[in-house]
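Listed below, chain by chain, are the residues.
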Amino acid sequence: MKPFAFAKRSEASLASLSAKPAKKKAVRKTVENDETCLQKHQKQWLDKTGLWSRLLIFHVANERKGSIGAAMHFKRMGVRPGVADWLVFPPGRAIAIENKDDEGEQDANQEIFQKKWEAAGNTYILVRTLDEFKAVINGLVMFG
C-alpha cells in the first residue's frame, strides 16, 4: 500500500490558511464622535471655568446598562427614558440639553421627552460639539 501523499503548498497559501481575519480598525472615541466623551469634556469645562459651582446644572443618569432586575428597580424608582443629558436651571428658566455625536439622532423616547418639556414652557437644545455646549452655557450666564 502506498502512503498517502500530501500535495505541496506554497508558503503563501499556508500563511493564508493560518492568518486570522483582518480586524476592523477601531475608531478612536473623541468629543466629535462619542456622546460619553463629549459629556466628560463638558463637565471638565464646567469645572475649569467655575461654572459648575455657579450654575444649577446636572446630568441625569437615566441610561443605565445592567440586568433586567436593575432596569425594573430604576423604573419603579421613577427613572424616565429619554430625559436630556443635562438639565440647567438659571433663575426663572428650565433648559434641557441633549448631546448627540456627529451622526446621532434622537430616539423615540427622547423626542417624547422633548415634546413634553417644551409643552411645559421650557427650552430644549440639542448640541453636537463642545463648542456648541460652551456657547449655550455662556449665553445662559450672560443673558439668563
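Caption draft 1: Representation of the pairing of strand β3 (residues 95-99) in the model. Counting buried residues in β3 gives 5 out of 5 residues, a clear majority hidden from the surface. Burial of β3 is two-sided: the residues Ile95, Ile97 and Asn99 facing one way and the residues Ala96 and Glu98 facing the other way are all buried. With 3 bridges connecting them, strand β2 (residues 86-88) and β3 associate as antiparallel partners. The partner of Leu87 across the bridge, within β3, is Ala96. Linkage of β2 to β3, two consecutive antiparallel strands, is achieved through a turn of 6 residues, within which Gly92 is found at a positive phi near 75 degrees. Relative to strand β4 (residues 123-127), β3 runs parallel, the two being bridged by 5 bridges. Across the sheet, residue Asn99 finds its bridge partner in β4, namely Val127. After leaving β3, the chain enters helix α5 (residues 108-119) and then returns to the sheet as β4, a path that is right-handed.

Caption draft 2: Region of interest: the sheet that holds β4. Taken together, the 4 strands give an open sheet; going across it, the order is β1-β2-β3-β4, and neighbouring strands pair in mixed fashion. Each edge of the sheet is formed by a strand with only one pairing partner; in this case those strands are β1 (57-59) and β4. In this sheet, neighbouring strand axes are inclined to one another by 20 degrees on average, regardless of whether the strands run parallel or antiparallel. The strands touched by helix α2 (residues 35-49) are β1, β2, β3 and β4; relative to β3, the strand with the most contacts, the crossing angle is about 135 degrees. Most of the contacts of α5 go to β4, to which it runs at about 145 degrees, and overall it touches β2, β3 and β4.

Caption draft 3: Inspection of the packing of aromatic side chains at higher detail. Counted according to the given criterion, the structure contains 6 aromatic pairs. Here Trp45 and Phe133 contribute two aromatic rings whose centre-to-centre distance is 6.1 Å and whose plane-to-plane angle is 80 degrees, an arrangement assigned as edge-to-face. Taken as a pair, Trp45 in helix α2 and Phe133 in helix α6 (residues 130-143) lie far apart in primary sequence, 88 residues in all. The residues Trp45 and Phe133 share a single accessibility class, namely buried. Connected via pairs of aromatic rings, a cluster forms that spans Trp45, Trp52, Trp86 and Phe133.

What counts and how
Residues numbered from 1 in each chain as written. Predicted model: local features only at pLDDT ≥ 70, side-chain atom pairs only at ≥ 80, totals over all residues. Heavy atoms only, no water. Buried < 20%, exposed > 50% of the residue type's maximum accessible area, 1.4 Å probe, protein only. Helix = DSSP H or I, 4+ residues; strand = E, 2+ residues; numbered from the N terminus. Pairing = 2+ DSSP bridges. Right-handed = clockwise from strand over helix to strand, strands pointing away. Axes fitted to C-alpha atoms, helices over the stretch in contact; angles between N-to-C directions. Contact = heavy atoms within 4.5 Å. Phe/Tyr/Trp six-rings, centres within 6.5 Å; stacked < 30°, edge-to-face > 60°.

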